[in-house]
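The chain contents come next:
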Amino acid sequence: MRLRRNRLLAIVAMTASVLLAAGAASAQKVLSRGGSQSINAVRGGGDGYHGGGYSGGNRNGWGGGYFSGGLTGIAPGVVQTFEGGDIDDDGSGPRRSRQARRNSNAPAANERRLVPDEVVVELANSVSPQRIEALLRRYRLTPIESQTFQLSGTTWYRWRIPDRRSVTSVVHALEAERIVAQPNYVFALQADAPKTEGDAAQYELAKLHLPQAHMLTKGDGVLVAVIDSGIDAAHPELTGAVAQSYDALSSPMTPHKHGTAIAGIIVAHGKLMGSAPAARILAVRAFDGSGASAQGTTFNILKALDWAAAHGAQVVNMSFAGPPDPALHRSIVAAHKKGIVLVAAAGNAGAQSPPLYPAADPDVIAVTATDADDKLFAQSNRGRHIAVAAPGAQILVAIPDGGYEVSSGTSYSAAEVSGIVALMLERRHDLSPDKVRDILLATAKDLGPKGRDVMFGAGLADAYAALLAETAPLTAATPRPVERVSTGAR
């Protein structure tokens, strides 16, 4: 019996040795073709990013693995894993598994919010210029710009597709070799409702209980980054309020209505009163306002967020919206881990729109808009991700060259809440982003259906109550939003 067992063990050991040798040889063959030289590649498994991935289950969700198994576990970087001649359905490269297709960063079939001839690619900082040149030649791409980001610890590249290949086919081809690539998505500022001239009263001050809150704090010295279009720092409402500026664009900077209005809603201290008049603005231009509408891309927003984090931003206001963006999501996760509170506009696409990003990201406080009667602003997006509401209809805002106008949009609601967060952080520097969210939800005035719902979130933000709240019930942020639609909503 003992002899038979020893013989069986010897056979098992010999078989394992052969398999390990074959696996190591295969992995070495992969690495010898120019891949990343990490021992993780030999071990297999893992995912395409951080050993846990940023997305899984479905393309637009967060959580799970980026790729499934195989010689991955190295990313961002360059790992070549396909040996054979099987070609993908679009002719772009090696055929990918169904799981890889499902977890791809390629845009949805009907997605048009992207730069049609560009991709953005994330690589490890250690990838050599020679390897990058080889990639460009192999995939027939032209370099536009690159930048190393502190938030991700990697380098992002913006490459042009000089021929008529689609973004989808190029992303698929790059992903077939475990290269992290995606479209350069386009985001739009969220205050494009019809505008009127006038001198409307700032009804939002009373709605948010800001006069009472300002008796306790005005956000003195708190740094709020406004990632937006160009800001007119010379406007009387913004005198002395802009601490630093950064321009992520190469085009000449001109002041723009949207960025000036957002900054004013936060720190105005002249004819108007901002929600945090003593806070300081980090003016970050990532949106080009020279066209019919101000738009920004993935790459420029990444640069803007990275700069804001590196320059001490405690709050980041993102009054723009667009498609789900894996690269932006990862930067948001990194900023959240650094303790930065991120606030975004829910969007002005209406009740039938799918969730817009970055507001729908779980690490972002999504803010919707209400009017003077606490009714939902008709163009507001709905969804389970809505955290709180704030006035956004018919808001008197500052515009360049010392002007004012009345305008509407969830952009303005987000800015008001960013200011409230600045008030909270001056009073309690130790508040984490999650605790800030909990307090805002626990102290909001319930609107619409009882409890948190898909239109108003937890309800109308209350600056004074948020400042008085030392702790927030842990359950405040967790109830599932009610799906019913309030009869009072427009």
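Conventions adopted
Residues numbered from 1 in each chain as written. Predicted model: local features only at pLDDT ≥ 70, side-chain atom pairs only at ≥ 80, totals over all residues. Heavy atoms only, no water. Buried < 20%, exposed > 50% of the residue type's maximum accessible area, 1.4 Å probe, protein only. Helix = DSSP H or I, 4+ residues; strand = E, 2+ residues; numbered from the N terminus. Arc of directions from axis to C-beta. Contact = heavy atoms within 4.5 Å. pLDDT = per-residue confidence, 0-100. Patch = residues over 30% accessible without salt bridge, like charges linked within 9 Å, V, L, I, M, F, W, Y side chains within 5 Å. Areas by Shrake-Rupley, 256 points an atom, 1.4 Å probe, with all protein chains shown as cover. Salt bridge = Lys/Arg side-chain N within 4 Å of Asp/Glu carboxyl O. Pairing = 2+ DSSP bridges. Axes fitted to C-alpha atoms, helices over the stretch in contact; angles between N-to-C directions.

Examining helix α4 (residues 129–138)
Phase 1: Within the span of α4, buried status applies to Arg131, Ile132, Leu135 and Leu136. Buried residues of α4, viewed axially, fall in a sector of 140°; they line one side. Seen from the buried face of α4, the exposed residues on the opposite side, beyond 90 degrees, are Gln130 and Arg137.
Phase 2: On its buried face, α4 is in contact with β1 (114–124), β2 (142–149) and β3 (154–160).
Phase 3: Directly after α4, the chain includes Arg140, whose backbone phi takes a positive value near 55°.

Section: the confidence of the model for the chain
Phase 1: In the predicted model, the chain carries a mean pLDDT of 80, and 73% of its residues have values of at least 70.
Phase 2: Of the regions scoring below 50 in pLDDT, residues 15–98 engages in 166 contacts with residues more than four places distant in sequence or in other chains.
Phase 3: Long-range and interchain partners of residues 474–480, a stretch whose pLDDT sits below 50, account for 10 contacts in this model, where long-range means more than four residues apart.

Section: unusual backbone geometry
Phase 1: Here the bond from Tyr357 into Pro358 is cis, since omega is 15°, no more than 30 degrees from zero.
Phase 2: Notably, Arg140 is not glycine yet its phi reads approximately 55°, a positive angle.
Phase 3: Its place among the elements puts Arg140 in the loop between α4 and β2.
Phase 4: Positive phi values are uncommon outside glycine, yet His209 reaches one of about 55°.

Observations regarding a nonpolar patch on the surface
Phase 1: Nonpolar side chains collect at one region of the surface, where Met215, Leu216, Tyr464 and Leu468 lie side by side and expose about 400 Å² of accessible area between them.
Phase 2: With respect to the helices and strands, the residue Tyr464 is situated in helix α13 (residues 463–468).

Some thoughts on the pairing of strand β13 (residues 386–391)
Phase 1: Of all 6 residues in β13, 6 are buried; the element is thus mostly enclosed.
Phase 2: Two elements, strand β12 (residues 365–370) and β13, share 5 bridges in a ladder whose sense is parallel. Following the sheet pairing, Thr368 is matched in β13 by Ala389.

Observations concerning the sheet that holds strand β7 (residues 280–285)
Phase 1: In spatial order, the strands read β6-β7-β5-β9-β11-β12-β13; together these 7 strands make up an open sheet with parallel pairing. The open sheet has two edge strands with one neighbour each: β6 (242–247) and β13. The mean angle between the axes of side-by-side strands here comes to 25°, regardless of whether they run parallel or antiparallel.
Phase 2: Sheet analysis places strand β11 (residues 341–345) next to β12, joined by 3 bridges and oriented parallel. Directly across from Val343, in β12, lies its bridge partner Ile365.

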